[in-house]
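Each chain, letter by letter, is given below.
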Amino acid sequence: MNKIPVYFMPGLAASSTIFENIKLPEAQFEMHFLEWFLPHEKESIESYASRMTQKIQHKNPVLIGVSFGGVLVQEMAKLILTQKVIIISSVKSHNEFPTHFKIARSTKAYKLIPTQLLADIEKLVKYAFGDNIVAKRIKLYEKYLSVRDKRYLDWAIETILCWNQKEGVASIVHIHGDADEVFPIKHIQNCIVVKGGTHIMILNKFKWLNENLPQLIVN
């Protein structure tokens, strides 16, 4: 039996090490990990997604994306045939953004964010994962948030806030925590709710994901 190719895309500023605890049955699945690369100047998300699809080495893969990575895999799925698209701790359209995201989008306040300061791991962690990060865990995230280039951060923040998808695709499987502090559950529709799941549940709810991802991929 041919194994199902599953490609994982991490969230904003994160490396694929965020998936280190995710295990799929090796007899059935083949896991592959994508990494962020530097965008071209003023590159559209469509162009970036097209370049990322060049990293896909299999026909009809499963794409799994976390947070901003979930947005990117949705754009990739518009360009290649996919077996399934699964997003975790993400959004299916800009209508699922929290209010402050929408305000930043309309006022272009994101242009005022001093992204060069986000090279400071503590500031970057709080920006990517929310303010409720315990100080002793900062060191833990140093290995996960490895993409700290200012050009990437400027591009990523503007790109997600200005994402123009108005309606989610019905076939997308959306897994979301009811305690997500970045994309609050009250704004999210049509998702599988993980009780107690925060925006970083890819790290601390990996047991739930390991138990449920195989059937969500196949069914």
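Now for a look at the structure at hand. What you see is a predicted model, and the numbers here were worked out from it, not measured in a lab.

## Details of the overall build of the protein
A count of helices and strands for the protein gives eight helices and six strands. Shown N-terminal to C-terminal, the secondary structure of the protein runs as helices and strands in the order β-β-α-β-α-β-α-α-α-α-β-β-α-α. Out of the 219 residues belonging to the protein, those deemed buried represent 50%. At a minimum sequence separation of 6, the contacts of the protein that also span at least 24 residues come to 64%.

## Examining the pattern of salt bridges
One pass over the structure, following the stated rule, counts four salt bridges. Salt-bridge contacts for Arg51 lead to Glu43; the nearest nitrogen and oxygen are separated by 2.8 Å. Judged by its relative accessible area of 22%, Arg51 falls in the partly exposed class. Overall, Glu43 belongs to the buried group, its relative accessible area being 7%.

## Side note on the packing of helix α1 (residues 45-53) against helix α2 (residues 68-76)
One can describe the packing of α1 onto α2 by two numbers: an axis separation of 9 Å at closest approach and a directional angle of 80°. Taken together, the axes of α1 and α2 are roughly perpendicular relative to one another. Contacts between α1 and α2 involve Ile45, Glu46, Tyr48, Ala49, Met52 and Thr53 on the former and, on the latter, Phe68, Val71, Leu72, Glu75 and Met76. Split into classes, the residues belonging to the contact of α1 with α2 amount to eight nonpolar, one polar and two charged.

## Remarks on the side chain of His199
Along the chain, His199 falls in the loop between β6 (192-194) and α7 (201-204). Of note is the side chain of His199, whose polar atom sits 2.9 Å from the side chain of Ser67.

## Some details on the pairing of strand β5 (residues 173-177)
By the criterion of burial, β5 is predominantly enclosed, with five of the five residues buried. Across three bridges, strand β4 (residues 84-88) lies against β5 in parallel orientation. Residue pairing for β5: Ile87 is matched across the bridge by His174. Looking at chain direction, β5 and β6 are connected through three bridges and run parallel. In the sheet register, Ile175 faces β6, and the bridge partner there is Ile192.

## Observations concerning the side chain of Asn212
Checked against the element boundaries, Asn212 lands in helix α8 (residues 206-218). Among the residues examined, Asn212 registers a relative accessible area of 17% and is labelled buried. Looking at Asn212, its side chain comes within polar contact range of the side chain of Gln215, at 3.4 Å.

## Here we look at the environment of Lys42
Note that Lys42 resides in the loop between β2 (29-33) and α1. With a relative accessible area of 80%, Lys42 lands in the exposed category.

## Some thoughts on the sheet that holds strand β1 (residues 4-9)
Spatial strand order, β2-β1-β3-β4-β5-β6: six strands in an open sheet with parallel pairing. At either margin of the open sheet sits one strand with a lone partner, and together these are β2 and β6. Sheet twist, expressed as the average angle between the axes of neighbouring strands with direction ignored, equals 20°. Sitting on the sheet, α2 is in contact with β1, β3 (62-66) and β4, with an inclination near 150° to β3. Each of β1, β2, β3, β4, β5 and β6 touches α8; the most contacted strand, β4, lies at about 155° to it.

Here is what the cut-offs are and how they apply
- Residues numbered from 1 in each chain as written.
- Predicted model: local features only at pLDDT ≥ 70, side-chain atom pairs only at ≥ 80, totals over all residues.
- Heavy atoms only, no water.
- Helix = DSSP H or I, 4+ residues; strand = E, 2+ residues; numbered from the N terminus.
- Buried < 20%, exposed > 50% of the residue type's maximum accessible area, 1.4 Å probe, protein only.
- Contact = heavy atoms within 4.5 Å.
- Salt bridge = Lys/Arg side-chain N within 4 Å of Asp/Glu carboxyl O.
- Axes fitted to C-alpha atoms, helices over the stretch in contact; angles between N-to-C directions.
- Parallel < 35°, antiparallel > 145°, perpendicular 65-115°, else oblique.
- Nonpolar A, V, L, I, M, F, W, Y, C, P; charged D, E, K, R; others polar.
- Polar contact = N/O pair within 3.5 Å; in protein donor to acceptor, adjacent residues only side chain to side chain.
- Pairing = 2+ DSSP bridges.

Read these as geometric descriptors, not functional statements.
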